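# Fold and geometry: a report
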Amino acid sequence: MYKIGDSAEMTKVFSEEDVFLFAGITGDRNPVHISKEFAAKTRFGERIAHGMLTAGLISAVIGMKLPGPGCLYLSQTLDFLAAVKIGDEVTARVEVVEVISEKRLRLRTQCLNQRKEVVLDGEAVIVPPRPGRGA
């Protein structure tokens, strides 16, 4: 059913509201994300989105597109390679790199910004949904 090279992606512009909502939901109110004054003094020079907010876009692709509704996450590695700034357009891409079994897929997971720079790289192992029955 799934084969090596199958892929899907989703694109989102990360807004100030996204960052504030994520901070409120998780409790991660690191001032590099929410304080213009603090962030201006950092190496980024401005506020940046939470890395895990960016990673959440990968979860959306896996849960909604490939393999889609009913799949289960087993593991995810994440290498944060560059900051995502408020207003950046990020594309999360998921690609099947190994069909371990009919019950396990290994996926390459990446997020790229609007300049096509890889900002997040990783790998996930998931249980695909069973045809007609979910995971």
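Now for a description of the structure that goes with this document. (Residues numbered from 1 in each chain as written. Predicted model: local features only at pLDDT ≥ 70, side-chain atom pairs only at ≥ 80, totals over all residues. Heavy atoms only, no water.)

Among the residues of helix α1 (residues 16–26), those classed as buried are Asp18, Val19, Phe22 and Ala23. One face of α1 carries all of its buried residues, which in axial projection span an arc of 130 degrees. Turned more than 90 degrees off the buried face of α1, the exposed positions are Glu17 and Ile25. Buried residues belonging to α1 abut β1 (7–13), α2 (31–34) and α4 (51–64). Gly27 sits one or two positions beyond α1 and adopts a positive phi of about 85 degrees. (Buried < 20%, exposed > 50% of the residue type's maximum accessible area, 1.4 Å probe, protein only. Helix = DSSP H or I, 4+ residues; strand = E, 2+ residues; numbered from the N terminus. Arc of directions from axis to C-beta. Contact = heavy atoms within 4.5 Å.)

This paragraph deals with the nonpolar core. Counting residues in hydrophobic clusters, the biggest one holds 26 residues, and the most contacted among them are Ile58, Ile62, Val94, Leu107 and Cys111. If you list the elements that add at least two residues to this core, you get α1, α4, β3 (89–101), β4 (104–112) and β5 (118–127). If one sorts the elements of this core by residue count, α4 sits on top with 6 residues. Apart from residues no more than four positions distant in its own chain, Val94 is found in contact with Asp6, Ser7, Ala8, Ile58, Val61, Ile62, Leu66, Leu107, Arg108 and Thr109. (Core = buried A, V, L, I, M, F, W, Y, C linked by side-chain atoms within 4.5 Å.)

Let us now look at the environment of Ala55. Looking at the secondary structure, you find Ala55 in helix α4. A residue is classified by how much of its surface remains accessible, and Ala55, at 10% relative accessible area, is buried. With near-sequence residues (within four places) excluded, Ala55 lies in contact with Leu78 and Leu120.

This brings us to unusual backbone geometry. Along the chain, Leu66 connects to Pro67 via a cis peptide bond; the corresponding omega equals 5 degrees. Mapped onto the fold, Pro67 is located in the loop between α4 and β2 (72–80).

Geometric values such as these leave the question of function open.
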